Amino acid sequence: MSAKPETKIVLEPERYEFRATPMHLFAMDRRDFMKAIGGGIAILLVAKEASALQESGRRTGMREDMPREINAWLHIAQDGSITVFTGKVEIGQNVRTSLAQTVADELHVELASIAMVMGDTQLTPFDMGTFGSRTTPQMGTQLRKVAWAARDVLTGLAAKRWNVDAGQLVAENGKISERSGGRSITYAELAQGQSLAQMMPAEDPVTPATEWKIAGQPVRKIGARDFVTGRHKYTPDLKRPGMLYGKVVRPSAFDATLASVDVSAAKAMPGVTVVHDGDFIGVAAADELTAESAVAAIKAEWKTTPQISNKELFEFLKKNADQNPAEENRYRQTKGSMSDGLSAAAHRLEAEYHISYIAHCPLEPRAALAEWKDGKLTVWTGTQRPFAVREELAQAFHISNDNVRVMVPDTGAAYGGKHTGECAVEAARLAQGAGKPVHLLWTREEEFTWAYFRPAGVIEIKSGVSSNGMLTAWEFHNYNSGAAAIATMYEVPNQVTEFHPVKSPLRQGSYRSLAAAANHFARESHMDECAHAAGMDPLEFRMKNLKEPRLSAVYEAAAQKFGWQNRKAAAGRGFGIAGGIDKGGHLAACAEVAVGRATGEVHIVRVVQAFECGAIVNPEGLENSISGAITMGVGGALYEAIEFDNGRILNPRFSQYRVGRFKDEPKIEVVLVDRKDLPSAGAGETPIVGLAPAVGNAIFNATGMRIRTMPMLPGGKLPRKLEVYA
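About the criteria used
- Residues numbered from 1 in each chain as written.
- Predicted model: local features only at pLDDT ≥ 70, side-chain atom pairs only at ≥ 80, totals over all residues.
- Heavy atoms only, no water.
- Core = buried A, V, L, I, M, F, W, Y, C linked by side-chain atoms within 4.5 Å.
- Buried < 20%, exposed > 50% of the residue type's maximum accessible area, 1.4 Å probe, protein only.
- Contact = heavy atoms within 4.5 Å.
- Helix = DSSP H or I, 4+ residues; strand = E, 2+ residues; numbered from the N terminus.
- 1 Å grid on protein atoms, 1.4 Å probe; cavity = no way out; pocket = protein on both sides within 12 Å on 5 of 7 lines; lining within 4 Å.
- Points joined across faces, edges and corners; volume = space filled by probe spheres on them.
- Nonpolar A, V, L, I, M, F, W, Y, C, P; charged D, E, K, R; others polar.
- Phe/Tyr/Trp six-rings, centres within 6.5 Å; stacked < 30°, edge-to-face > 60°.
- Pairing = 2+ DSSP bridges.
- Axes fitted to C-alpha atoms, helices over the stretch in contact; angles between N-to-C directions.
- Salt bridge = Lys/Arg side-chain N within 4 Å of Asp/Glu carboxyl O.

Student: Looking at this structure, I do not really get the nonpolar core. What am I missing?
Tutor: One broad rule of soluble globular proteins: the nonpolar side chains tend to lie buried together. Leu 393 and Ile 642 are the most contacted members of the largest nonpolar core, which totals 144 residues. Apart from the residues lying within four places of it in its own chain, the contact partners of Leu 393 are Leu 377, Val 379, Val 404, Val 406, Ala 424, Val 425 and Ala 428. In this structure, Ile 43, Ala 100, Ile 176 and Met 200 belong to the second largest nonpolar core, which totals 39 residues.

Laid out in structure tokens, this is it:
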């Protein structure tokens, strides 16, 4: 069996947290698999099978190297139970359900018979992480191949038992039967007395989407009742015998270093363990209140350096662009001649767009429960990258990866914000010092302050439009925000597109869609400006400059559902449209807004979004994901912005940081474009990118006011009186 070449993963440069140094560095001293899972049939993968689609690689992860150890993907026990193993994690995106659907579909069993084991570094194959909308297109394909291999093994066992050709047999409803209608045998019976492993094939056998029976159906979330009734245990709910509660002393500002500390008062408190290791200071106690009191009793002095505020941010980003960035941080694309394109233009436009830092705001803040036993460390934590966190822990404590186990309970959201393991490392250090399990839950203020933010950015666009409404020139420069979806989807003969990395004044990293939301906001706002300059309908202008049929199709679907051609102008009402492509997903969004001309308040009345991501695995889950992305996008589009000054966050709580509220929720209508002729793409991130530009364009349509900043309403209303535009 020949191996395919390794596949490179190109990580977007704005995944800054992947390359950042750990928050804590400590100066400290230093299976038998079949026996573990029992008899039956296991579908395995070993290192020589470098052809598979498993997402693996090291922390800097640019290549999909296969696991060194033998790993099981699927196990059929002798009692017939089926367990599927994946390093992906469930953080609210419902992939537990869609992946189980995929396996059940290919294995030809009922969905209820599938049990998913996810995000456990001791049991699941190595995985780079749950990010980038990779789970469905890559892990879904992988597990379908795994299930196909399992079905092939079972068919072969039945053929051998009956001494018939495997082609005479069919797998259906958890049984292998003769096509003639004669004998049949269950998977459980075939697994009896077996203890064997089957390698996966190098090829990718895939049942066409047109033949799916379980995949492709709207299936409700597996275990949904446990989540809505409170039965499910998130990391903050977990307990271990003898467990203590931890708290950490935080620096007075970013990049501060410890000058002096007095922990005597905390040490004198009964039942309190104080851990002081370099700049790390923390406590563990029998209850949270005592731990909080102990932290308050510690007197720490910090040495700080002057830092900028959010008022100087955008000027800072433009002035401090890296003039010689590392190769992995470069992005520059050119075509034709900008001077020729601008010379041919009847309309020339220039604009600058600003993107603020925003926080992820997961309902579940960072949390970890750490336990040391016999020199080995076990940590339960909510993270998108359990294997990367395992490595962080191993490095922090100078032990091997084999001595660290990370388990991820289904987690209360992450949005790209839980790629790093600082909370896990802190809990583990406290547990080591206390000699008991320690539970650490970050407060909301800690989450707002010490987690990383979506990168801020400045985007400059220069464009040219001919007298007949064709784009002739397009120059796009993104400072700091990132390169995701930076290239224009429209046909432009002359263009320059470039990303300029900047040393950020705040800790920054991945956020749902990465920089795709920022780049789409700037690009689709500017396309609206071009359409206005050319005197054309915004949809007509886009379609005229578009040759991508999948994007054209979602524009048509959204416009038809919204009634774009029949929209009626009215005082204080505006309509906007925007579209885009990212991570294999194609979308178009139409928005209607109502503007209070006396108050300047803006309400998003209605949003229609058409979305196409190839063959749909679970329509109900996809629609929920799209609606959730739109709801989340309201805050980033209109209100959310981190305020900071001199190394301190000024609005680190929900009473000060304005997210979207129930009263801000628009009527949401989703149009799913199911392309069973195309491979499935992910949909966790892309649906968020169309809302902000569609709403901004609708505000312009209603008021004549072009807002080029995100958020557009940082004070909750339009920045100037509308009478100016009457």
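Student: Can you help me understand the side chain of Ser 466 in this one?
Tutor: Mapped onto the secondary structure, Ser 466 falls in the loop between strand E20 (457–465) and strand E21 (471–479). Other than its neighbours up to four places away in sequence, Ser 466 contacts Ala 344, Ala 346, His 347 and Thr 472.

Student: Teacher, can you tell me more about empty space enclosed by the protein here?
Tutor: It is a probe the size of a water molecule, rolled over the atoms, that shows where empty space is left. In this structure, the largest cavity spans a volume of roughly 90 Å³. What lines the largest cavity is a set of 14 residues, and nearest its centre among them are Arg 454, Ala 517, Gly 633, Ile 688 and Met 710. Ranked by residue count, the leading element in the lining of the largest cavity is helix H16 (residues 619–638), at 4 residues. Across the lining of the largest cavity, the residue classes tally to 9 nonpolar, 3 polar and 2 charged. Considering only enclosed or pocket space, the second largest cavity measures out at about 80 Å³ in volume.

Student: Could you clarify how one ought to interpret the packing of aromatic side chains in this entry?
Tutor: Centre distance and the angle of the planes are the two values used to describe a pair of aromatic rings. Using the criterion set out here, one finds 13 aromatic pairs in the structure. Each ring, one from Phe 448 and one from Tyr 657, has its centre 4.9 Å from the other, and the planes form 55°; the classification is tilted. Here Tyr 657 lies in the loop between strand E27 (648–649) and strand E28 (667–673) and Phe 448 lies in helix H12 (residues 444–450), a separation of 209 residues in the sequence. A residue is classified by how much of its surface remains accessible, and Phe 448, at 2% relative accessible area, is buried. You can call Tyr 657 buried: its relative accessible area is 1%. Seen in terms of ring centroids, Phe 562 and Trp 564 are 6.3 Å apart; in terms of plane orientation they differ by 40°. Their pairing is tilted. Taken as a pair, Phe 562 and Trp 564 share a single burial class, namely buried.

Student: Just checking my understanding: could you explain the environment of Val 465 for this structure?
Tutor: Mapped onto the elements of the fold, Val 465 is located in strand E20. On a C-alpha basis, the gap between Val 465 and Leu 342 in space is 8.1 Å, while along the polypeptide they are 123 residues apart.

Student: Would you mind going over the sheet that holds strand E24 (residues 585–595) with me for this structure?
Tutor: Backbone-to-backbone hydrogen bonds pair the strands of a sheet. The strands run either parallel or antiparallel. Taken together, 4 strands build an open sheet; the order of strands is E23-E24-E25-E28 and the sheet is mixed. Each of the sheet's edge strands pairs with one partner strand only, and the pair in question is strand E23 (573–582) and E28. Averaged over all neighbouring strand pairs, the angle between strand axes comes to 15°, with direction disregarded. When strand E25 (residues 602–612) meets E28, the two strands line up parallel, connected through 7 bridges. When the sheet's bridge partners are listed, Arg 606 is paired in E28 with Lys 667. Against the sheet, H16 engages E25 and E28, with an angle of about 135° to E28.

Student: Would you take a moment to explain the pattern of salt bridges for this structure?
Tutor: Side-chain pairs of opposite charge can arise where the charged atoms are in close proximity. Inspection of the entire model under this criterion finds 36 salt bridges. Asp 127 is paired through a salt bridge with Lys 88; the nearest N and O atoms lie 3.3 Å apart. On the criterion of sequence distance, the pair formed by Asp 127 in the loop between strand E4 (114–118) and helix H3 (135–162) and Lys 88 in the loop between strand E3 (82–86) and helix H2 (95–107) is long-range, its members being 39 residues apart. When its relative accessible area of 1% is taken as the criterion, Asp 127 is described as buried. One salt bridge in this structure joins Arg 250 and Glu 426, with 2.7 Å as the shortest N-O distance. Taken together, the positions of Arg 250 in the loop between strand E9 (244–248) and strand E10 (257–262) and Glu 426 in helix H11 (residues 422–434) put the pair 176 residues apart, joining distant regions of the chain. This pair shows no difference in class: Arg 250 is buried, exactly as Glu 426 is. Residues joined by salt bridges that share partners form a network here, namely Asp 105, Glu 106, Arg 144 and Arg 151.

Student: How should I be thinking about unusual backbone geometry in this particular structure?
Tutor: A negative phi angle is the norm for most residues apart from glycine, just as the trans form is the norm for most peptide bonds. For the peptide bond that leads from Met 710 to Pro 711, omega is 10°, which places it in the cis range. Within the secondary structure layout, Pro 711 lies in the segment after strand E29 (709–710). Positive phi is not limited to glycine here, since His 108 has a value of about 65°. Structurally, His 108 is set in the loop between H2 and E4. Even without a glycine there, the phi angle at Asp 374 is positive, about 55°. Take Asp 374: it is sitting in the loop between strand E16 (367–373) and strand E17 (376–381). A residue is classified by how much of its surface remains accessible, and Asp 374, at 76% relative accessible area, is exposed.

Taken by themselves, the reported measurements are silent on function.
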